[in-house]
Amino acid sequence: MIAIIVENRESAGALNELLHEAGDYIVGRMGVPYREKKISVISVILDAPQNVISTLSGKLGMLPGVTSKTVYSKAEKHTKAEQG
């Protein structure tokens with residue numbers, strides 16, 4: 001999961017473009033505007049290789065006024081063949 005805090009609304013277009021590019025990996029997304037603080041908080045759930053998630057989080061964090069942090073599951077990874 002990538003947690004994103006947006007403090008600069010002018011970065012929203014670039015942020016959405018990056019998320020669009022990763023669309024094949026996105027399982028779900030939720031955004032909450034925190035109007036009193038003039039920020040938005042977005043959580044993005046991904047099912048992707050670690051390098052894809054890290055790259056996306058890094059690109060998001062380089063946008064002006066955007067902070068991103070990544071959390072990984074400790075669950076074991078299973079291939080479709082292993083799942084039966």
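Remember, predicted model here, so these are calculated numbers, not experimental data. (Residues numbered from 1 in each chain as written. Predicted model: local features only at pLDDT ≥ 70, side-chain atom pairs only at ≥ 80, totals over all residues. Heavy atoms only, no water.)

Caption draft 1: Molecular detail of the nonpolar core. Formed by 16 residues in total, the largest nonpolar core has its most connected members in Ile2, Ile4, Leu15, Leu56 and Leu60. Only β1 (2-6), α1 (12-21), β3 (39-46) and α2 (50-61) provide two or more residues apiece to this core. (Core = buried A, V, L, I, M, F, W, Y, C linked by side-chain atoms within 4.5 Å. Buried < 20%, exposed > 50% of the residue type's maximum accessible area, 1.4 Å probe, protein only. Helix = DSSP H or I, 4+ residues; strand = E, 2+ residues; numbered from the N terminus.)

Caption draft 2: A look at the side chain of Ser57. Mapping Ser57 onto the fold places it in helix α2. A relative accessible area of 9% means that Ser57 is categorised as buried. Of the polar contacts made by the side chain of Ser57, one reaches the side chain of Thr70; its length is 2.9 Å. If sequence neighbours within four positions are ignored, Ser57 has contacts with Ile2, Ser68, Lys69 and Thr70. (Polar contact = N/O pair within 3.5 Å; in protein donor to acceptor, adjacent residues only side chain to side chain. Contact = heavy atoms within 4.5 Å.)

Caption draft 3: Broad picture of the sheet that holds β3. Strand order in the open sheet made by the four strands is β2-β3-β1-β4, with antiparallel pairing throughout. Edge positions in the sheet fall to β2 (26-34) and β4 (66-70), since each of these pairs with one other strand and no more. Here the strands of the sheet are splayed against their neighbours by 15 degrees on average, with no regard to which way each runs. Across the face of the sheet, α1 comes into contact with β1, β2, β3 and β4 while running at roughly 165 degrees to β2. Against the sheet, α2 touches β1, β3 and β4, its axis set at about 160 degrees to β4. (Pairing = 2+ DSSP bridges. Axes fitted to C-alpha atoms, helices over the stretch in contact; angles between N-to-C directions.)

Caption draft 4: Structural view of the pairing of β3. Looking at chain direction, β1 and β3 are connected through five bridges and run antiparallel. Across the sheet, the residue bridging to Ile2 is Val44, located in β3. Two strands pair when backbone bridges link them, and β2 and β3 are joined in this way by eight bridges, in the antiparallel orientation. Note that in β3 the partner of Ile26 across the bridge is Leu46. Two successive antiparallel strands, β2 and β3, enclose a turn made up of four residues, where Lys38 displays a positive phi of approximately 55 degrees.

Caption draft 5: Expanded view of the packing of α1 against α2. Running from N to C, α1 and α2 cross one another at 170 degrees; their axes reach a closest spacing of 10 Å. One way to sum up the angle between α1 and α2 is to call them roughly antiparallel. Along its contact with α1, which presents Leu15, Leu18 and Leu19, the element α2 presents Leu56, Lys59 and Leu60. The class makeup of the residues in the contact of α1 with α2 is five nonpolar, no polar and one charged. (Parallel < 35°, antiparallel > 145°, perpendicular 65-115°, else oblique. Nonpolar A, V, L, I, M, F, W, Y, C, P; charged D, E, K, R; others polar.)

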